[in-house]
Structures are given as structure tokens and as C-alpha cells.
2 protein chains.
Amino acid sequence: MQHTEYTIGIDIGGTNTTWGIVNRKGTIFETGAIKTRDYPTINLFFDDLKKQIQPLIGQYGKEQINGIGIGAPQANFYTGEIIDAANLPWKGILKIKEMSEAHFGLHTTVTNDANATAIGEMTYGAAKGMDNFIVVTLGTGVGSGIVANGRLIYGHTGMAGELGHTIVIPNGRQCGCGRKGCLETYTSATGIVTTALEFLKKDEQASGNPKWLCNIYKATGRVKAHEIYEAAVAGDDTAIAIFNYTGEILGQSLANVAAITEPQAIILFGGLAQAGTYILNPTRQAMEENLLFCYKGNIALIQSGLEERNASILGAAAIGWL
Amino acid sequence: MQHTEYTIGIDIGGTNTTWGIVNRKGTIFETGAIKTRDYPTINLFFDDLKKQIQPLIGQYGKEQINGIGIGAPQANFYTGEIIDAANLPWKGILKIKEMSEAHFGLHTTVTNDANATAIGEMTYGAAKGMDNFIVVTLGTGVGSGIVANGRLIYGHTGMAGELGHTIVIPNGRQCGCGRKGCLETYTSATGIVTTALEFLKKDEQASGNPKWLCNIYKATGRVKAHEIYEAAVAGDDTAIAIFNYTGEILGQSLANVAAITEPQAIILFGGLAQAGTYILNPTRQAMEENLLFCYKGNIALIQSGLEERNASILGAAAIGWL
């Protein structure tokens, strides 16, 4: 088989769809983007995608391109389909693997965002050379991609890795999935905002210093995830307490999942992970406190090695090598 | 490579060590046993093991034997060693793979009991043809063997699969591992006895019917795990409530681990699993209630397909094919 130089990574998101031509080292040569919601049907979407990407395939040489990787919400590695994705404009069954192969004439592999990120970390990021690790994506929701024996765990029907929907606090916060107390309700961007509101309602009269977050809340009646981070950087006690609370729940959960697959590292990715030590330190502390003795000190908790800006393209491109 | 007919399975337990010659179908041709604690050193133990097993190797033909599989507490698949096993008479580092290969001149693979059971189920039992499943061993402790993508998950250093030491009730019962609230403290043989004592102390005056278990407790000041089962069979309300409580905690835990690896089936093995529907029904109900919608109705909860009497030999024999 000929040695190919590139893959094409396509990330289909609820708002934007982005792509890039990527080489084996993870260098991105061409990128582009369209608005996912501009297309009333998946067919029109793929027709336009073809108009934009086909010239690149010609330019780089089809024989130099190993394949296409597509990361998309709820995309199933086994079937190549998306069924009723909550965050996409098109409902029903979307046969995206089949459509991509028909449009581009290139072997296409699809999976969901968290799995693509895990393979991205293994190929280009913080998990290079690791056979056992877990990526936890802390975004609007909480996802995970779990690698064991050097292979991603897809599960029986392709639905594995729903760490965000493990119940961590019985009868806890209401989750969008219909159950209560899922990890996602505490450690997603939405979850940390809920925590902030709970803390601020309690602490409005308290001595939190310098009351940055409290003042934002008083002025606007709400807080945003990035404001919690900025307040923490400014030394706001309440903001730091919010991160500590979030990290404690996340760390307890990670200690439990570590006992299942014994990863070499757990990699945090996504908006909340960008809070750096504010989230990493309390998470690591709670994880270590709750780890079984034989794992203590042996499981690294690290930040993603993928540049956030390019991570979704790199994740998708990485599965183009499969 | 020549097609071999047999493996030798050796199960080293805290009390007994048993072995057998097993063919590809799981038929056991020769079995034997020695008392593990009769040997002051591991060397004397292996010397005697050789005296017993070497004649069998001659009889069946060394060239017909694919290898030796050893299941033992805390045995590490990667290193072939056991380090300071709590349940064995010999402390320090036991190089059992190396010793077996030196004594028998046959390739030897070792792993812990729960992992051996999982490979046994895949080779000879309820998990034949499954690529994604979990075996949960409910014995003196609680162990697990997790298979994903057709391969057992050993983890980074061979310590994966400690489902029994995930914390299911924060600040719950004291566990032997030093932490509190581990699954093992509720769903092992010891755990269910603890539950029974808690229930009986509360219910001594209650209307439990026919008070079988209550009477045993009043007469002897204790109950044993098998007595709880026998009482349940006799229709004792308290005994049934004890199984329901145990199954509820187990089912909640299984719903969480199912979200990690999405198994096709979860197989219950060991003493408590032999209580059949008394433990399976409440566990299944709690698991289903707590499963994320996409898994509901799709994950089978079943009993081991290995005869309990021979299971440890079959598990060990199964890893002899690796």
C-alpha cells in the first residue's frame, strides 16, 4: 500500500462545520468553515462541502490522502450514522459515512466529538505513545473517549464513553437526559454556572473577596462560565470555591472510573479545562484522596495537548488514519 | 504452528490450589488439588505442584499442550508476578510465571481470579462470541473482569477492573482498602451479611415473616450468607429485603459502569450470584431504572455460564490459550 501523506478532518458542529488537510505530524495546511445551520437538508450541506473541499483534494492529490475523518455529535463509528442528534438541524438517520464516501470517493471514518478528541490526543496530542488513557471533554456537556489496549472503546453498539451520564450524586441535579445527578450537571459549562448561582445566592451577603463575581451577578442577574474563571484569576474567593467544588465532584468521579480501566493519564479537554490549575488542582486533589491505594500517585491528570482552536479538526483528521 | 489440543489451568487460591487438563471445548480431563497453606515457601509449593502435574504432561504429550494458565489473587498479567497478596501464605514478590515456565517448560500466562473468570466466560461460558462484556465476581470480595474490543482490559500496569473498589456511597461502610463506601462493602458475601445484621437489629421486633432469619440471629447472634439465601427461598421477608437492598446498590453501580464501556452483557459470578433471581431481579431492576436512555433494555444481566465447581480451573485454563 502506498504511503499517504494527508487526511482530511471534518468537524460537524451544531453551529460551525470546519475542516482541514492534515499531515502525519498534525500540521494543518488548509482550513475552511461553513455555518451548519445555513443548510436546510443534509444533502445541500454535503453538496456545498464538496464544492469547497473537492478542489483541495485535487490540489493535494487524491492518492496522497489516506481518508476522511468526521467528528460529529452522536456519530456512530460502527454504523457511520447519526440518529436524531439534539444539536444538529437535520433529524432522522443521517448516513454521513456513506454520503462522504459518495461525494468525495475517499474512505471515511466517523465518530462522536469526544472519541475523535481521544484519537486526536493519541495521534497528535498529550496521549502520544499511551495505550491506556481517558479524555474527558468539559464543554456544554461532558463527554469522554476511553482508550484501552491502544484502542478506543466503542462498546457493543458504539455508545460507550458516556462518563458525563454516570450518576455521581443520587437524586442530584436534574439532567437533560431525564435522570438526576449526572456528572454533566456539575462539571459542564452549564453545571459550573448552576453551581455559581447556588453559591452566589447563599453568599450574597457573605464576605467573599473581592466580590467580583457577586457584583456581576447583582448587576446582571446571571454569570457566565468565563466570568467565573476571570473572577478566580482576580482572586475572588467565591469563584475559587466554585472551582474547588466542581473539581471535588470531578475528582471523585475520575477516581471511580480509574478503577475500571486503570489509565496512565486522564486528559481534561474543553472550555472548563482551560481554567488550568483552578480546575486541575482541586480535581487532582479529590482524585488522589479517593483513589484505591494501588493507583495513588500513578495516574496523571493533565490538560489537553491539542490547541483548542484546532482540536476538533485534528481529532477528526486523526480518525482519517483509521 | 502445530494445532494443540489442551491447556493446563491452575487456580491458586488462599485455601486450595486446583488444576486440570482442559481441551478447546472446555472438557476437563484430569483434576487435582493441594492445600495452599501446607507449603511454607513458594518453592516447596511449586516443587510439589511439579510432582503432581509433570506425569499428566507426559501422559497427554507436551507437544499437545498449548500452555499453562494460572489464576491467582493479585497476579499481574504484564509482570507475571504477585506482590504481597493478602490471601496467600507467601509474602514479597512471587515470580509465578517464571517459576511455572522453569518447572514445566511450558509457556505460562497469569492473571487475577476475576480476569481469568472473564476469559473463562469468553472461551467456555456465557460470553462466547461477545467482544464487549463485564464479569462481576461476587465472592468474599467483589472483583471484575472487563472485556472491550474482544480483549481484556488490564490497564496501564495490570491493575484495571477494580469495580469492587469504586466508591458507591460516599462516607459509607468502612472498606478493608482503607476507604469508605466501596461497592465491595455492600455486595460481597461479607457485605450482605453486614446488611443482614443492620436489618435484623432494626427489625427484631418487626413483622417480618416467617422470621426464619430473625430466629437464626436470635439463636446464634450471627447469620451466614447462605442462610440469607435459604431464608429468602423460604419466603422470609427480611431476607428478601436484604437481597433487594443489595441488588439496588449493585444495579446502580452497574448502570454507571455500563456507561463507560457499553457491554453487551454483564455476567454475575460467585457465591452471591448463585442466589439466582433473588439477586438478579432487584439488580436488573435498579440497573434499568438508572441506565441512560440509549442503553435501556440493551444490556443483558445474566448469571455465569461456568459451573461454579469448575469455574476457576476453566478460567485459568482459558488464559492458557493466550
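It should be noted that the structure appears before, not after, this text.
Everything numeric in this text was worked out from a predicted model, so none of it was measured.

A few points about helix H8 (residues 237-261) of chain B
For H8(B), spanning 25 residues, the distance from its first C-alpha to its last is 36 Å, which sits close to the expected 36 Å at 1.5 Å a residue. The first or second residue beyond H8(B) is B:Glu262, which carries a positive phi of 40°.

What about the packing of helix H6 (residues 212-220) of chain B against helix H7 (residues 225-233) of chain B?
Working note: a packed helix pair is described by the angle between its axes plus the distance between those axes. Residues and elements named next belong to chain B. It is at 9 Å that the axes of H6 and H7 come closest, and there the two elements cross at 145°. Touching Trp212, Leu213 and Ile216 of H6 are Glu227, Ile228, Glu230 and Ala231, all from H7. Across the contact of H6 with H7, the residue classes break down as 5 nonpolar, no polar and 2 charged.

So, the packing of aromatic side chains
Residues and elements named next belong to chain A. Under the defined criterion, the tally for this structure stands at 24 aromatic pairs over all chains. Plain terms: the ring middles of Phe45 and Phe46 are 5.7 Å apart, the flat faces sit at 85° to each other, and that makes the pair edge-to-face. Both residues of the pair, Phe45 and Phe46, count as buried. Members of the aromatic cluster, joined through ring pairs, are Tyr39, Phe45, Phe46 and Trp90. In this arrangement the basic side chain of Lys202 is found over the ring face of Phe199, its NZ or CZ atom lying 5.0 Å from the centre.

Details of the relation of the copies chain B and chain A
The two copies are related by a screw operation: chain B maps onto chain A through 180° of rotation and 0.0 Å of translation along the axis, at an RMSD of 0.0 Å. Both chain copies can therefore be described as sitting about a two-fold axis. Both copies share a contact surface, since 100% of the interface residues of chain B are interface residues in chain A too.

Thoughts on the side chain of A:Thr4
Residue and element names in this part refer to chain A. On the secondary structure map, Thr4 appears in the segment before strand E1 (6-12). Polar contacts involving the side chain of Thr4 include one to the side chain of Asn66, which spans 3.0 Å. In this structure, Thr4 is in contact with Arg24, Glu63, Gln64, Ile65, Asn66 and Trp321, ignoring residues within four places of it in sequence.

Quick look at the environment of B:His165
Relative to the assigned elements, B:His165 resides in the loop between strand E10 (151-152) and helix H4 (184-187). It is 9.6 Å that separates the C-alpha atoms of B:His165 and B:Gly141, two residues lying 24 residues apart in sequence. When residues no more than four places from it in sequence are discounted, the contact partners of B:His165 are A:Ala259, A:Leu292, B:Cys175, B:Cys177, B:Arg179, B:Cys182 and B:Glu184.

Concerning unusual backbone geometry
Residues and elements named next belong to chain B. One non-glycine residue, Asn149, adopts positive backbone phi at about 55°. Relative to the helices and strands, Asn149 is located in the loop between strand E9 (142-148) and E10. Residue Asn149 is classed as buried on the basis of its relative accessible area of 15%. Although it is not a glycine, Asn171 sits at a positive phi angle of roughly 60°. By secondary structure assignment, the location of Asn171 is in the loop between E10 and H4.

So, the nonpolar core
In terms of nonpolar packing, the biggest core is built from 106 residues, with A:Leu254, A:Leu268, B:Leu254 and B:Leu268 touching the most fellow members. Among all residues touching A:Leu268, those that are not within four sequence positions of it are A:Val136, A:Leu138, A:Leu250, A:Leu254, A:Ala273, A:Leu280, A:Leu301, A:Ile302, A:Gln303 and A:Ser304.

What about the pattern of salt bridges?
Where charged atoms of side chains with opposite charge meet at close range, the side chains can pair. Residues and elements named next belong to chain A. For the coordinates displayed, the defined rule picks out 10 salt bridges over all chains. The shortest N-O distance in the salt bridge between Lys97 and Glu101 comes to 3.2 Å. In this pair, Lys97 and Glu101 are both assigned in helix H2 (residues 96-104), 4 residues apart and thus about one turn of the helix distant. Classification of Lys97 as partly exposed rests on a relative accessible area of 27%.

Some words on the pairing of strand E2 (residues 16-23) of chain B
Residue and element names in this part refer to chain B. Among the 8 residues of E2, 7 are classified as buried, and the element is accordingly described as predominantly covered. Bridge analysis of strand E1 (residues 6-12) against E2 gives 7 bridges, and the strand direction is antiparallel. From the neighbouring strand, Thr7 faces E2, where its bridge partner is Val22. Linking E1 back to E2 in an antiparallel pair, the connection comprises 3 residues. Strand direction decides the pairing type here: E2 and strand E3 (residues 28-35), joined by 7 bridges, are antiparallel. Within the sheet, the bridge partner assigned to Trp19 lies in E3 and is Gly32. Linkage of E2 to E3, two consecutive antiparallel strands, is achieved through a turn of 4 residues, within which Gly26 is found at a positive phi near 95°.

Looking at the sheet that holds strand E4 (residues 65-71) of chain A
In any sheet, the strands associate via hydrogen bonds between backbone groups, in a parallel or an antiparallel arrangement. Residues and elements named next belong to chain A. Ordered by their spatial adjacency, 5 strands build an open sheet running E3-E2-E1-E4-E7, and the pairing between neighbours is mixed. A strand with exactly one partner marks an edge of an open sheet, and here the two such strands are strand E3 (28-35) and strand E7 (108-111). Adjacent strand axes in the sheet meet at a mean angle of 15°, parallel and antiparallel pairs treated alike. Here 4 bridges tie E4 to E7, and the two strands are oriented parallel to one another. Each bridged residue has a counterpart across the sheet, and for Gly69 the counterpart in E7 is Thr109.

Description of the sheet that holds E9(B)
Residues and elements named next belong to chain B. Taken together, the 5 strands give an open sheet; going across it, the order is E10-E9-E8-E11-E12, and neighbouring strands pair in mixed fashion. In this open sheet, the two strands that pair with only one neighbour each are E10 and strand E12 (300-303). Summarising the sheet, strand E11 (residues 265-269) and E12 pair through 4 bridges and their orientation is parallel. Bridge pairing in E12 links Leu268 to Gln303. Across the sheet, H8 lies against strand E8 (133-138), E9, E11 and E12, angled at about 150° from E8, the strand it touches most.

Examining the interface of chain B and chain A
Residue-level contacts link 37 residues of chain B with 37 residues of chain A. Both sides together, the interface formed by chain B and chain A hides about 3200 Å², and carbon and sulfur atoms give 56% of it. For the pair chain B and chain A, the interface holds 0 salt bridges. Between the two partners, chain B and chain A, sit 22 residue pairs in polar contact (both at pLDDT 80 or more). Those elements that place two or more of their residues in the side of chain B that touches chain A are E9, E10 and H8 of chain B. Its residues placed into classes, the side of chain B that touches chain A shows 20 nonpolar, 13 polar and 4 charged.

Describing the pairing of E1(A)
Residues and elements named next belong to chain A. Along E1, 7 of the 7 residues are buried, which leaves the element largely enclosed by surrounding structure. Residues Tyr6, Ile8, Ile10 and Ile12 of E1 are buried on one face, and the alternating residues Thr7, Gly9 and Asp11, pointing to the opposite face, are buried as well. Sheet topology note: the E1/E4 ladder contains 5 bridges and is parallel. The residue of E4 that forms the bridge with Gly9 is Gly69.

Calculation rules
- Residues numbered from 1 in each chain as written.
- Chains lettered and ligands numbered in written order.
- Predicted model: local features only at pLDDT ≥ 70, side-chain atom pairs only at ≥ 80, totals over all residues.
- Heavy atoms only, no water.
- Helix = DSSP H or I, 4+ residues; strand = E, 2+ residues; numbered from the N terminus.
- Expected span 1.5 Å × (residues − 1).
- Axes fitted to C-alpha atoms, helices over the stretch in contact; angles between N-to-C directions.
- Contact = heavy atoms within 4.5 Å.
- Nonpolar A, V, L, I, M, F, W, Y, C, P; charged D, E, K, R; others polar.
- Phe/Tyr/Trp six-rings, centres within 6.5 Å; stacked < 30°, edge-to-face > 60°.
- Buried < 20%, exposed > 50% of the residue type's maximum accessible area, 1.4 Å probe, protein only.
- Lys NZ or Arg CZ within 6 Å of the ring centre and 35° of its normal.
- Least-squares fit on C-alpha atoms with pLDDT ≥ 70 in both.
- Polar contact = N/O pair within 3.5 Å; in protein donor to acceptor, adjacent residues only side chain to side chain.
- Core = buried A, V, L, I, M, F, W, Y, C linked by side-chain atoms within 4.5 Å.
- Salt bridge = Lys/Arg side-chain N within 4 Å of Asp/Glu carboxyl O.
- Pairing = 2+ DSSP bridges.
- Buried area = accessible area lost by both parts, 1.4 Å probe.

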